[in-house]
Amino acid sequence: MRILLYNPDNGVTRNFMPHLWMFLLQALTPPGHEVLLVDGNARAMTDEELVKFIRQENIELVGIGAMTRMVAKAYRVADAIRAAGVQVVMGGPHVTEVPDEALGRDGGPRHADAIALGEADETWPLIVEDAARGELKQVYQPQRDEKGLDRKPSLQGYPVIGWDVLDLNQFSLIPKMLRPFMSKLGSGWGTFHVVPIETGRGCPYGCEFCTVTGFFGDSIRFRSNESVVDELLRLKARARRERGQIAVFFIDDNLAINTKRTKALLRAIIAADAQVPWVAQISANLLRDQELIDLIAESGGKWIFIGMESIDPANMADVNKNFSKPGEYRAVLSGWRKRTFTRSLRSSSAWITIRWASRIVL
Ligand code: B12
Ligand code: SF4
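Residues numbered from 1 in each chain as written. Chains lettered and ligands numbered in written order. Predicted model: local features only at pLDDT ≥ 70, side-chain atom pairs only at ≥ 80, totals over all residues. Heavy atoms only, no water.

**Description of the pairing of strand β4 (residues 87-91)**
Inference 1: A large share of β4 lies buried, amounting to four of its five residues.
Inference 2: Bridge count for strand β3 (residues 61-65) against β4 is five bridges, and the pairing is parallel. When the bridges of β4 are listed, Ile64 appears paired with Met90.
Inference 3: Each parallel crossover has a hand, and for β3 linked through helix α3 (residues 71-83) to β4 it is right-handed. (Buried < 20%, exposed > 50% of the residue type's maximum accessible area, 1.4 Å probe, protein only. Helix = DSSP H or I, 4+ residues; strand = E, 2+ residues; numbered from the N terminus. Pairing = 2+ DSSP bridges. Right-handed = clockwise from strand over helix to strand, strands pointing away.)

**A few points about the sheet that holds strand β1 (residues 2-7)**
Inference 1: Pairing is parallel in the open sheet, where six strands are placed in the order β2-β1-β3-β4-β5-β6. Bordering the open sheet on either side are β2 (34-39) and β6 (139-140), each of which pairs with just one other strand.
Inference 2: Each of β1, β3 and β4 is contacted by α3, which is oriented at about 160° to β4, the strand it contacts most. (Contact = heavy atoms within 4.5 Å. Axes fitted to C-alpha atoms, helices over the stretch in contact; angles between N-to-C directions.)

**With respect to the site of ligand 1**
Inference 1: Taken together, 37 residues lie near ligand 1, and Asn10, Met17, Thr68, Asp121 and Asp253 sit nearest.
Inference 2: Thr68 places a polar main-chain atom, nitrogen or oxygen, 2.8 Å from an oxygen atom of ligand 1.
Inference 3: Within the side chain of Asp253, an N or O atom sits 2.5 Å from a nitrogen atom of ligand 1.
Inference 4: With four residues, helix α1 (residues 20-28) is the single largest residue contributor to the shell around ligand 1. (Near = heavy atom within 4 Å. Polar contact = N/O pair within 3.5 Å; in protein donor to acceptor, adjacent residues only side chain to side chain.)

**Some details on the packing of helix α10 (residues 259-271) against helix α11 (residues 290-298)**
Inference 1: Where α10 meets α11, the axes come as close as 9 Å, and the angle between the chain directions of the two elements is 30°. Classed by the angle they form, the pair α10 and α11 counts as roughly parallel. For the pair α10 and α11, the sense of crossing is left-handed. On the side of α10, the interface is formed by Thr259, Thr262, Lys263, Leu266, Arg267 and Ile270, while α11 contributes Glu291, Leu292, Leu295, Ile296 and Glu298. (Parallel < 35°, antiparallel > 145°, perpendicular 65-115°, else oblique. Left-handed = near helix turned anticlockwise from the far one by under 90°.)

**Here we look at the side chain of Asn254**
Inference 1: With respect to the secondary-structure elements, Asn254 resides in the loop between β10 (245-250) and α10.
Inference 2: A polar atom in the side chain of Asn254 sits 2.8 Å from the side chain of Ser283.
Inference 3: In this structure Asn254 touches Tyr205, Gln281, Ile282, Ser283 and Leu286, once residues within four positions along its chain are discounted.

**A word on the environment of Lys137**
Inference 1: Residue placement: Lys137 occurs in the loop between α6 (124-132) and β6.
Inference 2: Given a relative accessible area of 48%, Lys137 falls into the partly exposed group.
Inference 3: Discounting residues that sit within four places of it in the chain, Lys137 has contacts with Asp113, Ala114 and Asp130.

**Points about α6**
Inference 1: Every buried residue of α6 is listed here: Trp124, Ile127, Val128, Asp130 and Ala131. For α6, the arc enclosing every buried residue in end-on projection is 165°, short of the 170-degree limit, so these residues lie on one face.
Inference 2: Contacts from the buried residues of α6 go to β1, α1, β3, β4, β5 (114-116) and β6. (Arc of directions from axis to C-beta.)

**Looking at the pairing of β10**
Inference 1: Within β10, six of the six residues are buried, leaving the element largely enclosed by the surrounding structure.
Inference 2: Here β10 shows two buried faces, one formed by Gln245, Ala247 and Phe249 and the other by Ile246, Val248 and Phe250.
Inference 3: Here six bridges tie strand β7 (residues 192-197) to β10, and the two strands are oriented parallel to one another. Paired with Val194 across the strands is Ala247, a residue of β10.
Inference 4: With respect to chirality, the unit in which β10 leads through α10 into the neighbouring parallel strand β11 (residues 278-281) is right-handed.

Structure representation (structure tokens):
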């Protein structure tokens, strides 16, 4: 069966980084099926063009993933695809929060033939096999544990995502016409990709505005350091081969949530010479640790996103984010600046990007 995984754009900003779910599900697809990927951010198509593409490519199943921000577009595209007689399965955080909406069980129109709730690492292969037999069920959900909660997939046997061989053309930030010239600059800028890598899932904090604890659970699962290092080495080799550049976004919600393990991972990256420029999200309270900051810089870390939603502790308490203390922000930031400024004089540079938002409202 030929399958298309589609990620809708938000119609306003252009998100140039590939979405991990598409590549992960592609890697988890049982043999004997072919999976094509289209990200509306990088390859804009009207609904009509997309339907035409689906017909031309003989696609029999379309998987669409969306955050709430993009879900209206996702539903519109799904409607057009279903009207053309092709089955649609939807998944991701929004569909998991409000499953009845996609299935039209809330009184509204139906947009999907099937939905995948929660993490789909283990349900995706079943969806594909059912769809291939023409026996798609309406709802796919991970198995439940004795408390009635989703059994979370282990990340220990994480699949190999073929970043080193996959066609990433739609995601290169260097325009095609400039590539021959740019590839001759320095170590080569013929391509430039920012690639998402996850090293763990889950968050124990449960901030009121955030989906993550509810979706991925309050205990954390990690990949092995070896599998992360291997992924980095393959990316690095690809960049060298293409005379291009690769940067990585570690999309873990808090890369340093278990500091001991994070340090071990960063040391493994350094020891294997697997450094690429990287960016990650880390909470302010963990950045008091100077050894961690040194390791971040040495392992290729360039930018850290810190969620500083408010400088008013009462606001933080109100959204259940007490662990982040506005009173410490100044010390954390100046500690970071001192450390990274000194280091930048030697070999590396690490910058900080602070995301200020009084409240994130979904
Ligand atoms: C990386 C990231 C981004 C990147 C996205 C770029 C990119 N290319 O990845 C950036 C930084 C740009 C971003 C932006 C935003 N993000 Co964001 N982001 C994330 C983050 C940290 C990781 C996403 C990820 O790759 N996860 C790992 C993969 C494996 O998990 P997954 O995507 O959920 O996929 C699994 C399942 O959901 C399922 N699945 C997913 N899709 C599909 C589809 C099918 C067909 C099937 C079968 C299964 C399936 O299978 C996968 C494997 O189990 C998540 C938090 C998180 N930990 O997931 C927030 C998250 C997705 N973001 C969120 C939000 C709110 C936003 C913003 C709206 C924030 C804002 N206010 O501006 C913007 C919107 C962006 C836009 N385009 O307009 C929310 C979404 C909540 C919701 N209800 O939709 C999340 C969950 C974080 C949170 N705080 O709650 N984000
Ligand atoms: S610490 Fe970050 S990921 Fe965890 S619940 Fe709070 S906002 Fe979400």
